[in-house]
Amino acid sequence: MYKLIIIDDEEKIASGMAQLFPWQNIGFEVVQVFTSARKALQYIAENPVDVVLTDIEMPDMNGLELSHRLMEYPNIQKIFFSSYSNYEYFRAALQNGVADYLMKPVAYSALLECFEKVKARLDARSAVQETAPKAYYDQIVYDVQQYLKDNYRTATLEEAAAKVSLSPAYLSRVFKEKSGTSFSELLLKTRMKKACEMLADIHYKSYDIAYYVGYDNPKNFSRAFKAYYGQSPSEYRKSRLDGAAL
């Protein structure tokens, strides 16, 4: 199943598109519905998405700006649906690589025809990707994992992407698809694991540990640690020391 997200600032329209069309029958799964293009963009940065079906006129970020931002994700198919038959919209859609432009109210037949073409393109892309050596992606994952292990204090997605010669957006997607975890999740896990090691040594002060694992503000470190482990750094250290004393 190809992963589809639907975006429209009118929740009823977005939900209706998701629920009333038999997406799974033609090979698509609606993984999320958004009323905000910005929130959709945040989701795309962390999760694999194959197709974006979006309205154009939206208050926080319009579909034209969204489609331009999505050019960082060359594998995502972009489709507009709108009430506006506007030449400038058509022109911008072409420039931003939008695959199709559907008019509201969207006819069932038009939607079906559109997504049959989209699926054919995605199938062709998948066939090409399957021929790519698995070792290539395994090496990327390994290199990024080693980068985080060695540079967790100052690590950034942009720097990691430069090291493996990929765009940050594409690396983010590939890394999660191939490793099962996102770059940011692994970075947090690495930092928290190192913090635990250091908390077991009473010679390290909490603010020193915070800086060592990448937090300039000790309060931010304490909040992140408690959110991750369910206890503050001081509580964790106390439990470790009490356990060692038994």
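Our structure is the block above this text.
Remember, predicted model here, so these are calculated numbers, not experimental data.

Basis of the calculations
Sequence order as written defines residue numbering, which begins from 1 separately in each chain. With the structure being a predicted model, the display of local features is reserved for residues of pLDDT at least 70 and the display and counting of side-chain atom pairs for 80 or more, all residues being used for whole-chain, interface and lining totals. Based on all heavy atoms of the structure, the side-chain values leave hydrogens and waters out of the count. Helix and strand labels come from DSSP, where a helix needs a run of H or I of at least four residues and a strand needs a run of E of at least two; each type is numbered from the N terminus. For the radius of gyration, the atoms used are the C-alpha atoms, and the globule rule reads 2.2 Å times the number of residues raised to 0.38. Relative accessibility thresholds used throughout: buried, under 20% of the residue-type maximum; exposed, over 50%; partly exposed, between the two (1.4 Å probe, protein chains only). Any two residues whose heavy atoms approach within 4.5 Å at even a single point are treated as in contact. All accessible areas in this document rest on Shrake-Rupley with a 1.4 Å probe, and a residue is counted as covered only by the protein chains that are shown. Counted as positive: Lys and Arg. Counted as negative: Asp and Glu. His and the chain ends are not counted at all. We put the charge of a Lys on NZ, of an Arg on CZ, of an Asp on CG and of a Glu on CD. Whenever a helix is involved, its axis is fitted only over the stretch in contact; in every case the axis is a line through C-alpha atoms, and angles between N-to-C directions fall within 0 to 180 degrees. Handedness of a crossing is defined here by the sense of rotation of the near helix relative to the far one, left-handed for an anticlockwise turn of less than a right angle and right-handed for a clockwise turn. In this classification, Asp, Glu, Lys and Arg are treated as charged, Ala, Val, Leu, Ile, Met, Phe, Trp, Tyr, Cys and Pro as nonpolar, and every other residue, Gly included, as polar. What makes a nonpolar core is a set of buried Ala, Val, Leu, Ile, Met, Phe, Trp, Tyr and Cys residues whose side-chain atoms join them at distances within 4.5 Å. In what follows, roughly perpendicular refers to angles from 65 to 115 degrees, roughly parallel to angles under 35, roughly antiparallel to angles over 145, and oblique to any angle outside these ranges. Pairing between strands requires that DSSP locate at least two bridges from one strand to the other. Here a polar contact is taken to be a pair of N or O atoms separated by no more than 3.5 Å, where protein atoms must pair a possible hydrogen donor with a possible acceptor and residues adjacent in sequence count only if both atoms sit in side chains. Ring geometry is summarised as follows: Phe, Tyr and Trp rings, the Trp one being its six-membered ring, pair when their centres sit within 6.5 Å, and such pairs are stacked at plane angles under 30 degrees, edge-to-face over 60 and tilted between the two.

*Asks:* When you look at the overall build of the protein chain in this model, what are you seeing that I'm missing?
*Replies:* Looking only at helices and strands, one finds 12 helices and 5 strands in the protein chain. Compactness check: the protein chain gives a C-alpha radius of gyration of 23 Å against a globular reference of 18 Å for 246 residues, more than 25% above the reference. Expressed as a percentage of the 246 residues in the protein chain, the buried residues total 42%. Counting only contacts in the protein chain whose residues sit at least 6 apart along the sequence, the fraction spanning at least 24 positions is 64%. Per element, the accessible surface of the protein chain, about 13700 Å² overall, is 52% carbon and sulfur. For the protein chain, the separation between the mean place of its 30 positive charges and that of its 31 negative charges on side chains is 7 Å.

*Asks:* Quick question: what am I supposed to make of the packing of helix α6 (residues 134–151) against helix α9 (residues 183–199) here?
*Replies:* It is at 10 Å that the axes of α6 and α9 come closest, and there the two elements cross at 35 degrees. The chirality of how α6 crosses α9 is right-handed. Of the residues in α9, those touching α6 at Val-144, Gln-145, Tyr-147 and Leu-148 are Phe-183, Leu-186, Leu-187 and Thr-190. A per-class count over the contact of α6 with α9 returns 6 nonpolar, 2 polar and no charged.

*Asks:* Just to check I follow, could you spell out the nonpolar core for this structure?
*Replies:* Generally speaking, soluble globular proteins have nonpolar side chains that are buried together. Among the nonpolar cores identified, the biggest contains 29 residues, and Val-144, Leu-148, Leu-171, Phe-183, Tyr-215, Phe-221 and Phe-225 are the most heavily contacted of them. For this core, the elements supplying multiple residues, two or more each, are α6, α7 (157–163), α8 (168–179), α9, α10 (206–212) and α11 (218–229). Residues in contact with Phe-183, not counting those within four places in the same chain, are Val-144, Tyr-147, Leu-148, Thr-156, Leu-157, Ala-160 and Phe-175. Of all hydrophobic cores here, the second largest spans 20 residues; its members include Ala-18, Phe-21, Ile-26 and Val-51.

*Asks:* It is not clear to me how the environment of Glu-46 should be interpreted in this structure. Could you clarify?
*Replies:* Tracing the chain through its elements places Glu-46 in helix α2 (residues 37–46). According to the relative accessible area criterion, Glu-46 is partly exposed, its value standing at 33%. Between the C-alpha atoms of Glu-46 and Lys-176, which are 130 residues apart in sequence, the distance is 7.7 Å. Contacts of Glu-46, omitting those with residues within four sequence positions, involve Lys-176, Ser-182 and Ser-184.

*Asks:* Please explain the packing of α9 against α11 as it appears in this structure.
*Replies:* Any two packed helices are characterised by the angle at which their axes cross and by the distance between the axes. Two numbers describe how α9 lies on α11: the axes approach to 11 Å, and their chain directions differ by 100 degrees. The angle between α9 and α11 places the two elements in the roughly perpendicular class. In this structure, α9 uses Leu-188, Lys-189, Met-192, Lys-193, Ala-195, Cys-196 and Leu-199 to contact α11, whose residues at the interface are Phe-221, Ala-224, Phe-225, Tyr-228 and Tyr-229. Grouping the constituent residues of the contact of α9 with α11 by class yields 10 nonpolar, no polar and 2 charged.

*Asks:* How should I be thinking about the sheet that holds strand β2 (residues 28–34) in this particular structure?
*Replies:* By way of backbone hydrogen bonds, the strands of a sheet pair with one another, either parallel or antiparallel. One open sheet accounts for 5 strands, arranged β2-β1-β3-β4-β5; its pairing is parallel. Each having just a single partner strand, β2 and β5 (100–103) make up the two edges of the open sheet. Strand-to-strand twist in this sheet, taken as the mean axis angle between neighbours without regard to direction, amounts to 20 degrees. Here strand β1 (residues 2–7) runs beside strand β3 (residues 51–54); their pairing, made up of 4 bridges, is parallel. For Leu-4, the partnering residue across the bridge sits in β3 and is Val-51. Seen against the sheet, helix α1 (residues 11–20) touches β1, β2, β3 and β4 (77–82) and runs at an angle of roughly 170 degrees to β2.

*Asks:* What am I meant to see in the side chain of Arg-191 here?
*Replies:* By the secondary structure assignment, Arg-191 is in helix α9. Only 3.0 Å separates the side chain of Arg-191 from the backbone oxygen of Val-213, close enough to count as a polar contact. Excluding its chain neighbours within four sequence positions, the residues that come into contact with Arg-191 are Tyr-152, Arg-153, Thr-154, Ala-155, Val-213, Gly-214 and Tyr-215.

*Asks:* What's the story with the environment of Asp-138 in this structure? I'm lost.
*Replies:* With respect to the helices, strands and loops of the structure, Asp-138 is situated in helix α6. Using a relative accessible area of 38% as the deciding quantity, one classes Asp-138 as partly exposed.

*Asks:* Where do I start with the packing of aromatic side chains in this structure?
*Replies:* The description of two aromatic rings rests on the distance between their centres and on the angle between their planes. Considering all chains together, one arrives at 15 aromatic pairs under this definition. Residues Phe-80 and Tyr-101 carry aromatic rings whose centres are separated by 6.0 Å and whose planes lie at 85 degrees to one another, so their mutual orientation is edge-to-face. One end of the pair, Phe-80, is in strand β4; the other, Tyr-101, is in strand β5, with 21 residues separating them in the sequence. You can call Phe-80 buried: its relative accessible area is 0%.

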